[in-house]
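Tertiary structure, described
Take a look at the letters that make up each chain.
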Amino acid sequence: MEQTYRGRFAPSPSGELHFGSLLAAMASYADARAHNGQWLLRIDDIDQARVVPDSAEHIIRTLEQLGFEWDESIYYQSRHIRDYRKALDILHKKNLTYPCFCSRKQIKNRSSNGIYPGTCRPNNQADKTTGDKECAIRIKVPDKALSFKDQIQGDYTQQLAQEVGDFIIYRRDKVFTYQLSIVVDEYLSHITHIVRGHDLLDSTPRQIYLQQQLGFPTLVYAHIPLAVTPQQLKLSKLSRARKVRCDLPTLVQAAHFLGQEIAPAHNYQSLQDFWQHLFDIWQLKRVPKMEKIEIMY
Ligand SMILES: [Zn+2]
């Protein structure tokens, strides 16, 4: 049986939907629909300290006003804490995890490149200080290369041990990390394809490694260029990166940035008309193979 395509868009509710996140929403949506696939909406609200009140509702309303139509009910990370804990238990039983008591300052002092030197790894004879009683939980990574083929950026290889180190999956402040939570989310939602911003390319090997250890399938990845200002600032970092305008010219502009040969806005009778045309002509291979694209903002 041919595998069905299931994609998703997963904004963090930490502000309004800006043009950079619109690009990720559009690319994931159009690629799913062009493959007759399903497209789900997830709200990445696990880190409650970063959640801006009402911003999830604003993002959802903005997507609706732009004509996005998602399948199934919206998935909220904050309702899946038990699932993340189960995943942590599985990794723990496989003897892959260990508590880490190091402070950020201690790691900085012991590592020239900022990569965690494995101080708290069991059987490590290095001098240990217990520091605070509160601890984070890290996962051991193997000393070998992990490679995957990105559908836009091409072959990508990372040496997890040298370039990342044993990484945190459960934080000292008792929050499951992005890496662990989204791997569980994609699995529970039966996601098959990920289309998202280039800033997440280098965390993909960590996610594939977690998928492998948890016995989850590896997904198909595509990383689109990140929208930055001419000063190279990420839009999400700009306080003035306000909500996108909910109109046809904004959608047409976004499709252009994604390399698609779309007609000017006046050619479309409605938002639905635009979307149908985009689904018909969408080609992932037209998306620029770049890390960033500058936009005037
Ligand atoms: Zn440590």
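None of the values given here were measured: they were computed from a predicted structure.

So, about the sheet that holds strand 4 (residues 97-100). Strands pair in a sheet through their backbones, by hydrogen bonds, and they do so in one of two ways: parallel or antiparallel. The strand order across the open sheet built from three strands is 4-5-8, with neighbouring strands paired in antiparallel fashion. The outermost strands of the open sheet, each flanked by one partner alone, are strand 4 and strand 8 (167-170). Strand after strand, the sheet turns through a mean of 45 degrees between neighbouring axes, direction not considered. Here strand 4 pairs with strand 5 (residues 136-139) via four bridges, running antiparallel. Bridge assignment links cysteine 100 to a residue of strand 5, and that residue is alanine 136. The strands touched by helix 3 (residues 81-93) within the sheet are strand 4, strand 5 and strand 8, with strand 8 carrying the most contacts at an inclination of about 130 degrees.

This paragraph deals with the coordination of the zinc ion. Protein ligation of the zinc ion involves Cys100 (SG), Cys102 (SG), Tyr116 (OH) and Cys120 (SG), the donor distances falling in the range 2.1 to 2.3 Å. Coordination at the zinc ion is tetrahedral: its four donor atoms span angles of 99 to 122 degrees at the metal. Mapped onto the polypeptide sequence, the residues donating to the zinc ion form the spacing pattern C-x1-C-x13-Y-x3-C. Of the two residues, cysteine 102 is situated in the loop between strand 4 and helix 4 (104-110) and tyrosine 116 in the loop between helix 4 and strand 5; the sequence distance between them amounts to 14 residues. For the pair cysteine 102 and tyrosine 116, a shared accessibility class is recorded, and that class is buried.

Along strand 5, one buried face is formed by Ala136 and Arg138 and the opposite face, lined by Ile137 and Ile139, is buried too. Here strand 5 runs beside strand 8; their pairing, made up of three bridges, is antiparallel. Across the sheet, residue arginine 138 finds its bridge partner in strand 8, namely isoleucine 168.

A common measure of how large an interface is: the accessible area buried when the components associate. By domain assignment, the chain separates into domain 1 (6-81 + 179-294) and domain 2 (97-139). The gap between the C-alpha centroids of domain 1 and domain 2 is 35 Å.

For the rest of this paragraph, the subject is the packing of helix 3 against helix 6 (residues 178-188). Close contact between helix 3 and helix 6 brings their axes to 9 Å; oriented N to C, the two are set at 110 degrees. Between helix 3 and helix 6, the interaxial angle falls into the category roughly perpendicular. Only Leu180, Ser181, Val184, Asp185 and Leu188 of helix 6 make contact with helix 3, whose side of the interface consists of Asp83, Tyr84, Ala87 and Leu91. Tallied by class, the residues present in the contact of helix 3 with helix 6 amount to six nonpolar, one polar and two charged.

About the cut-offs
Residues numbered from 1 in each chain as written. Predicted model: local features only at pLDDT ≥ 70, side-chain atom pairs only at ≥ 80, totals over all residues. Heavy atoms only, no water. Pairing = 2+ DSSP bridges. Helix = DSSP H or I, 4+ residues; strand = E, 2+ residues; numbered from the N terminus. Axes fitted to C-alpha atoms, helices over the stretch in contact; angles between N-to-C directions. Contact = heavy atoms within 4.5 Å. Donors = N, O, S within 2.8 Å, 3.2 Å for Na, K, Ca; no water. Tetrahedral: all angles 85-135°; square planar, octahedral: opposite > 155°, others 65-115°. Buried < 20%, exposed > 50% of the residue type's maximum accessible area, 1.4 Å probe, protein only. Domains from an automatic or database assignment. Parallel < 35°, antiparallel > 145°, perpendicular 65-115°, else oblique. Nonpolar A, V, L, I, M, F, W, Y, C, P; charged D, E, K, R; others polar.

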